[in-house]
Amino acid sequence: MGFLLIGLFIVLMLIGIPIAFVIAIVALIGIVDMPYTPEATVPMKMLNGLDSFVLLAVPLFILAANLMNSGKISEKLIDLSLAIVGPVRGGLAHANVLVSMMFAGVSGASQADTAGVGKILIPSMQKKGYDKETAVGITAASSTIGVVIPPSIPMIIFAGLTNASIGALFLGGIIPGVLIGLSMMIFVYFIAVKRNYPKSARVEFKKLATLFGQSIPALFTPIIIIGGIITGFFTATEAAAVASLYTLIVCMFYYKTLKIKDLPKILMDTLALSSLSLFALAAASALGELMSYYQLGSIAQDFFTNNVGQKWLFLIIIIAFFLFVGTFMDAIPAMILFVPVILPAALEFGIDPVHLGLIVVITLAVGLITPPYGLCLLLAAKIGNMSIERSFVAVIPYIAIIVVVLLFIAFLPDIAFYIPKIINPGLF
């Protein structure tokens, strides 16, 4: 029966059924076939999968990102980024990366970054003489930093699955996210010099200070979130609620760019986007029951222990596997399905859950810019009016950059653990 379910899973995906429904269908058929198991197990497991205080952070962080975009905070961050890196050759492209790094510290959702930043910078880059490939490629690729630099929705989900420290995961994502961003900017600089992309005039210090002052309320958000979690002042879910409330207050009363009449649309957009991830998560929870019945975790542990033997080879296999899975599945259901399967083997090899979490999250971030699922790639391509095929070719160099940084983090974990060990050695 197991092989039939795997075949059904593949066939349903190939004919274009959304992955969340594929997971739910396979879970229903598989659980119905299980002896002494009522059909009601499926909806019960789906509801239980969502019955988690931690999961409230998902819609709340998405709400914070939507409030940022609607309140035009992203425009403030873009202006500041242009003032900082605009005088460098290819300044708009550098600003694209820098603002994604800033945006990542607030939202935890890459898609919101692509939508908010892309709508402004992709047309601007094209008007300034950048080719479509560069404009779309750097926008889509840099937005993946949104799930690496804290706060990060996938990190919260991973922590809920493994009981890993959310604080350690958040702190551990800072250096990898910065490395990815800086590496992209170095690559962009060489392209800009070769193609003679424009640069802007140097901004006077007084204007730069003014722009920085205007952006301080937005830049203060990640300090509130991460600081509150690390100090134990509030949980990740409470941090998401505080971030949403803080962003709402800043947009309505400080920047005055958000009106009460804007809130219904923002809430509807948040519900629509959240429901996609949460339904997939609920379906994955039901399928997880089926996988538990077939004892896939024990089978995987025995396989890796008996046939792999080497920690470095195990890490390579895990990276390759999640690179493949990420091409057709969102990070949240992918983790729900497969992290419980690989976790026992990872612990057997002496891999810290926080280290495993960073590897899984960064690897699945690549899936955001690889077809057919890559949501960030699809959004950027649509904004730039470019085909998916051309867009994918444009992001290949940036995928290589992310993978190189990922390998450094996988085999030299002390790079990522440097900040967590300094700030709070008790996390390890």
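Just above, that's the structure.
In what follows, the accompanying structure is described. Just so it is clear, the model here is predicted, and its values are computed rather than measured. (Residues numbered from 1 in each chain as written. Predicted model: local features only at pLDDT ≥ 70, side-chain atom pairs only at ≥ 80, totals over all residues. Heavy atoms only, no water.)

1. Quick look at the packing of aromatic side chains
Summed over all chains, the structure comprises 12 aromatic pairs. Between Phe-321 and Phe-338 the ring centres are 5.0 Å apart and the planes differ by 85°, which places this aromatic pair in the edge-to-face class. One end of the pair, Phe-321, is in helix 17 (residues 311-325); the other, Phe-338, is in helix 18 (residues 331-348), and 17 residues separate them in sequence. Site record: aromatic cluster; members linked through ring pairs are Phe-303, Phe-304, Phe-314 and Phe-349. (Phe/Tyr/Trp six-rings, centres within 6.5 Å; stacked < 30°, edge-to-face > 60°. Helix = DSSP H or I, 4+ residues; strand = E, 2+ residues; numbered from the N terminus.)

2. Looking at a nonpolar patch on the surface
A cluster of nonpolar side chains, contributed by Trp-312, Ile-316, Val-404, Leu-407, Phe-408, Phe-411 and Leu-412, occupies part of the molecular surface with about 630 Å² of accessible area. Examining the composition of the nonpolar patch, we find that 4 residues originate from one element, helix 21 (residues 388-411), more than from any other. Among the secondary structure elements, Leu-412 is positioned in the loop between helix 21 and helix 22 (414-423). (Patch = residues over 30% accessible without salt bridge, like charges linked within 9 Å, V, L, I, M, F, W, Y side chains within 5 Å. Areas by Shrake-Rupley, 256 points an atom, 1.4 Å probe, with all protein chains shown as cover. Salt bridge = Lys/Arg side-chain N within 4 Å of Asp/Glu carboxyl O.)

3. Focus: the environment of Leu-98
Tracing the backbone shows Leu-98 in helix 6 (residues 91-104). Among residues more than four places away in sequence, those in contact with Leu-98 are Ser-81, Ile-84 and Val-85. (Contact = heavy atoms within 4.5 Å.)

4. Regarding helix 3 (residues 41-50)
Burial in helix 3 covers these residues: Thr-41, Val-42, Met-46 and Gly-49. For helix 3, the buried positions fall inside an angular range of 135° around the axis, keeping them on one side. Looking at the buried positions of helix 3, the neighbouring elements they touch are helix 2 (19-33) and helix 15 (263-293). (Buried < 20%, exposed > 50% of the residue type's maximum accessible area, 1.4 Å probe, protein only. Arc of directions from axis to C-beta.)

5. Side note on the packing of helix 3 against helix 15
One way to put it is that helix 3 packs onto helix 15 with a least axis distance of 8 Å and a crossing angle of 125°. The orientation of helix 3 relative to helix 15 falls into the category oblique. Considering the relative orientation of helix 3 and helix 15, their crossing is right-handed. Packed against helix 3, whose contacting residues are Thr-41, Val-42, Lys-45, Met-46, Gly-49 and Leu-50, the element helix 15 presents Leu-278, Phe-279, Leu-281, Ala-282, Ala-283, Ser-285, Ala-286 and Glu-289 at the interface. By residue class, the composition of the contact of helix 3 with helix 15 is 9 nonpolar, 3 polar and 2 charged. (Axes fitted to C-alpha atoms, helices over the stretch in contact; angles between N-to-C directions. Parallel < 35°, antiparallel > 145°, perpendicular 65-115°, else oblique. Left-handed = near helix turned anticlockwise from the far one by under 90°. Nonpolar A, V, L, I, M, F, W, Y, C, P; charged D, E, K, R; others polar.)

6. Describing the pattern of salt bridges
On inspection of all chains with the given rule, the structure shows 4 salt bridges. Glu-133 is the salt-bridge partner of Arg-390, the closest N and O atoms lying 2.6 Å from each other. Of this pair, Arg-390 sits in helix 21 while Glu-133 sits in helix 8 (residues 132-143), placing them 257 residues apart in sequence. On the accessibility criterion, Arg-390 (38% relative accessible area) is partly exposed. Judged by its relative accessible area of 28%, Glu-133 is partly exposed. Where Asp-269 meets Lys-265, a salt bridge forms, and the shortest distance between an N and an O atom there is 3.0 Å. Pair noted here: Asp-269 and Lys-265 are both in helix 15, with a separation of 4 residues, about one helical turn. In this structure Asp-269 comes out as partly exposed when scored by relative accessible area, which is 36%. Of the residues examined, Lys-265 reaches a relative accessible area of 58% and is grouped as exposed.

7. Topic: the packing of helix 4 (residues 57-70) against helix 14 (residues 236-254)
Across the interface, helix 4 lies against helix 14 with an axial gap of 8 Å and an inter-helix angle of 20°. When the interaxial angle is binned, helix 4 and helix 14 end up roughly parallel. Helix-helix and strand crossings are classified by hand; for helix 4 and helix 14 the assignment is left-handed. Seen from helix 4, the contacting residues are Ala-57, Leu-60, Phe-61, Leu-63, Ala-64, Leu-67 and Met-68; seen from helix 14, they are Ala-236, Thr-237, Ala-240, Ala-241, Ala-243, Ser-244, Thr-247, Leu-248 and Cys-251. A per-class count over the contact of helix 4 with helix 14 returns 13 nonpolar, 3 polar and no charged.

8. Quick notes on the side chain of Thr-162
Relative to the assigned elements, Thr-162 resides in helix 9 (residues 153-162). If we skip the residues at most four places from it in the chain, Thr-162 touches Val-339 and Leu-343.

By themselves, these figures tell us nothing about what the structure is for.
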